[in-house]
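The residues making up each chain are set out below.
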Amino acid sequence: MNQLSTKNDVLENIWKLENLFQNHSQTLLQLSQAVRRLERDVQGLQLQTNQTAGFVSQLGEVFRGLSFASHRNMSDLSTDLGRAKLSLQKQDMLLKETADQVDSLKDKLDQMGRTVGMVNRTVGSDISLHHSKIQDLQIQITNITQDTRTIRVTQINMEQLLRNEVAVLSNITEDLRLKDWEQSVALKNITLIEGPPGPKGEKGDSGLSGTPGIPGIPGEQGIQGPRGLRGVAGVDGAAGQKGELGLKGDRGEKGQKGDKGDKGYKGDKGDNGDETGTVVQPLVRLVNGSGPHEGRVEVYHEKRWGTICDDVWDKKDGDVVCRMLGFKGSKEIHRTGRFGQGSDLIWMDDVACAGTEDTIQECNFSGWGKTNCGHVEDAGVTCIP
């Protein structure tokens, strides 16, 4: 029995050893597989290391190229900085020129402000004149209103008188009817008294219908009320400031040659020549006035007559024109085409005379033919005879 138990123990131990051996065999297989994987990972790492080394060498080449490019960019940048410096200097010069232009514009604005002040004073005087006229109109309207009320009261009184007369006529008509009825009754009574009582007669026929009553007098139609007065027109607003002169446009294309014009009328007789035999052409004239002392101002330039725009046109300008024509000076200046609108060129604009010039051409102005006006702004003058 002891031997059998010993054999069984040995067999059991052998089985245990076999199980352990099998377990260790599996563990060894797993270890061998893990070792193979490690070898593959090591080989992959070596490949990555080789690739990294290649990348590092490529990066070195790239850095060397970048350093060369940066050096070249620095040189280009220095060149650009030099150009920018020159550009800034030019811009500085342009800014100085712009500042000068701004100063000149400021002077022009001051002059325009003075002109606007003058216009405002003129408009103020016109407004005060219109205000006085409006007050006169209001007084006239008040008088008309009172007259209308008086006429209305008279009308009401006449209507009341007509009503009273109609009532009197009605009473008279009623009295006539009563008297007619009384007379008919009296006649019947007289007949009964004079005649003997006769036998009872037969029932008589129905009597004739009485005459219809007199229709009443229709009332008179009421008098139409007076028409309401028209409201006073509002005062015109002040004219807006003149806009700035626009930029000069590009020159247009040359047009086609036009047809030959009709033959002109015979010209007026020329002026008498001086002692040397040359004809003296006047430089200024007045047109469409009531006499030679007033009219639209026109100047002669390049063998053509043209008008003057009324911008900043004042008495000093008129004095120069009148002295050119032999008068003592100007009595009154006119704007906005007072003596009609011209049809030729507008030769002068923004005329600003000091009053001591011998001719209008010596005064400051914008230049021959340079204007932004229309003929509705043609200037005029009335000289002292």
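Residues numbered from 1 in each chain as written. Predicted model: local features only at pLDDT ≥ 70, side-chain atom pairs only at ≥ 80, totals over all residues. Heavy atoms only, no water.

**Quick look at the packing of aromatic side chains**
Next up, step 1: Following the criterion strictly, the structure yields 3 aromatic pairs and no others.
Next up, step 2: With a centroid separation of 6.0 Å and 85° between ring planes, the pair formed by Trp347 and Trp368 is classed as edge-to-face. Here Trp347, found in strand 5 (residues 345–348), pairs with Trp368, found in the loop between strand 5 and strand 6 (380–383); they are 21 residues apart in sequence, far enough to count as distant.
Next up, step 3: Residue classification places Trp347 among the buried positions, given a relative accessible area of 6%.
Next up, step 4: The partly exposed category is assigned to Trp368, whose relative accessible area is 30%.
Next up, step 5: On the numbers, 5.1 Å between centres and 70° between planes, the contact of Phe365 with Trp368 is edge-to-face.
Next up, step 6: Residue Phe365 is classed as partly exposed on the basis of its relative accessible area of 21%.
Next up, step 7: The structure contains a cluster of three or more aromatic residues connected by ring pairs, namely Trp347, Phe365 and Trp368.
Next up, step 8: Above the face of the Trp305 ring, Arg285 is positioned so that its terminal group lies 4.1 Å from the ring centre.
Next up, step 9: Here Arg338 stacks its cationic end above the ring of Phe339, 5.1 Å away from the centre of that ring. (Phe/Tyr/Trp six-rings, centres within 6.5 Å; stacked < 30°, edge-to-face > 60°. Helix = DSSP H or I, 4+ residues; strand = E, 2+ residues; numbered from the N terminus. Buried < 20%, exposed > 50% of the residue type's maximum accessible area, 1.4 Å probe, protein only. Lys NZ or Arg CZ within 6 Å of the ring centre and 35° of its normal.)

**Observations concerning the confidence of the model for the chain**
Next up, step 1: In this model, the chain carries an average pLDDT of 78, and 83% of its residues clear a pLDDT of 70 or more.
Next up, step 2: Mean pLDDT across the elements of the chain ranges from a minimum in helix 1 (residues 2–194), with 77, to a maximum in strand 6, with 94.
Next up, step 3: For residues 272–279, every residue scores under 50 in pLDDT, and the model assigns this stretch 5 contacts once sequence neighbours within four places are set aside. (pLDDT = per-residue confidence, 0-100. Contact = heavy atoms within 4.5 Å.)

**Let's talk about the state of the cysteines**
Next up, step 1: For the structure on display, the rule yields 3 disulfides.
Next up, step 2: Each sulfur in the disulfide pair Cys309 and Cys373 lies 2.0 Å from the other. When the S-S torsion is -70°, as for the bridge of Cys309 with Cys373, the disulfide is left-handed. Of the two residues, Cys309 sits in the loop between strand 3 (304–308) and helix 2 (315–324) while Cys373 sits in the loop between strand 5 and strand 6, which places them 64 residues apart along the sequence. (Disulfide = S-S within 2.5 Å.)

**Considering the side chain of Asp319**
Next up, step 1: With respect to the element layout, Asp319 can be found in helix 2.
Next up, step 2: Taking relative accessible area as the criterion, Asp319 reaches 16% and is therefore assigned buried.

**Re a negative patch on the surface**
Next up, step 1: Negative charge collects at one region of the surface, where Glu97, Asp100, Asp103, Asp107 and Asp110 lie side by side.
Next up, step 2: Looking at where Asp107 falls in the secondary structure, it is placed in helix 1. (Patch = residues over 30% accessible without salt bridge, like charges linked within 9 Å, V, L, I, M, F, W, Y side chains within 5 Å. Areas by Shrake-Rupley, 256 points an atom, 1.4 Å probe, with all protein chains shown as cover. Salt bridge = Lys/Arg side-chain N within 4 Å of Asp/Glu carboxyl O. Lys, Arg positive; Asp, Glu negative; His and termini not counted. Charge placed at Lys NZ, Arg CZ, Asp CG, Glu CD.)

**Details of the nonpolar core**
Next up, step 1: Counting 19 residues, the largest nonpolar core has Val297, Ile308, Val321 and Ile360 as its most contacted members.
Next up, step 2: Of all the secondary structure elements, the ones that give two or more residues to this core are strand 1 (284–287), strand 2 (294–301), helix 2, strand 5 and strand 6.
Next up, step 3: It is helix 2 that provides the largest number of residues to this core, a total of 3 residues.
Next up, step 4: Residues in contact with Val321, not counting those within four places in the same chain, are Val284, Leu286, Val297, Trp313, Ile360 and Val381. (Core = buried A, V, L, I, M, F, W, Y, C linked by side-chain atoms within 4.5 Å.)

**Things to note about the pattern of salt bridges**
Next up, step 1: Inspection of the entire model under this criterion finds 3 salt bridges.
Next up, step 2: Residues Arg285 and Glu298 are paired through a salt bridge, measuring 2.8 Å at the closest nitrogen-oxygen approach. Note that Arg285 is positioned in strand 1 and Glu298 in strand 2, a separation of 13 residues in sequence.
Next up, step 3: A relative accessible area of 5% means that Glu298 is categorised as buried.
Next up, step 4: Among the salt bridges present, the one from Asp319 reaches Lys315, with a minimum N-O distance of 3.3 Å. Of this pair, Asp319 and Lys315 both sit in helix 2, 4 residues apart, which is roughly one turn of the helix.
Next up, step 5: Judged by its relative accessible area of 45%, Lys315 is partly exposed.
Next up, step 6: A cluster of three or more residues bridged by salt bridges with shared partners is formed by Arg285, Arg296 and Glu298.

**Observations concerning the pairing of strand 1**
Next up, step 1: With 4 bridges connecting them, strand 1 and strand 2 associate as antiparallel partners. Counterpart to Arg285 in the pairing with strand 2 is Glu298.
Next up, step 2: Once strand 1 ends, the chain turns through 6 residues before running back antiparallel as strand 2, passing Asn288 with a positive phi of about 65°. (Pairing = 2+ DSSP bridges.)

**Quick notes on the environment of Thr148**
Next up, step 1: Within the secondary structure layout, Thr148 lies in helix 1.
Next up, step 2: Sequence spacing of Thr148 and Pro226 is 78 residues, and the spatial spacing of their C-alpha atoms is 7.5 Å.

**A few points about unusual backbone geometry**
Next up, step 1: A positive phi is found at Glu302, a non-glycine position, where the angle reads about 50°.
Next up, step 2: Tracing the backbone shows Glu302 in the loop between strand 2 and strand 3.
Next up, step 3: Unusually for a residue other than glycine, Lys303 sits at a positive phi of about 60°.
Next up, step 4: You can see Lys303 is positioned in the loop between strand 2 and strand 3.

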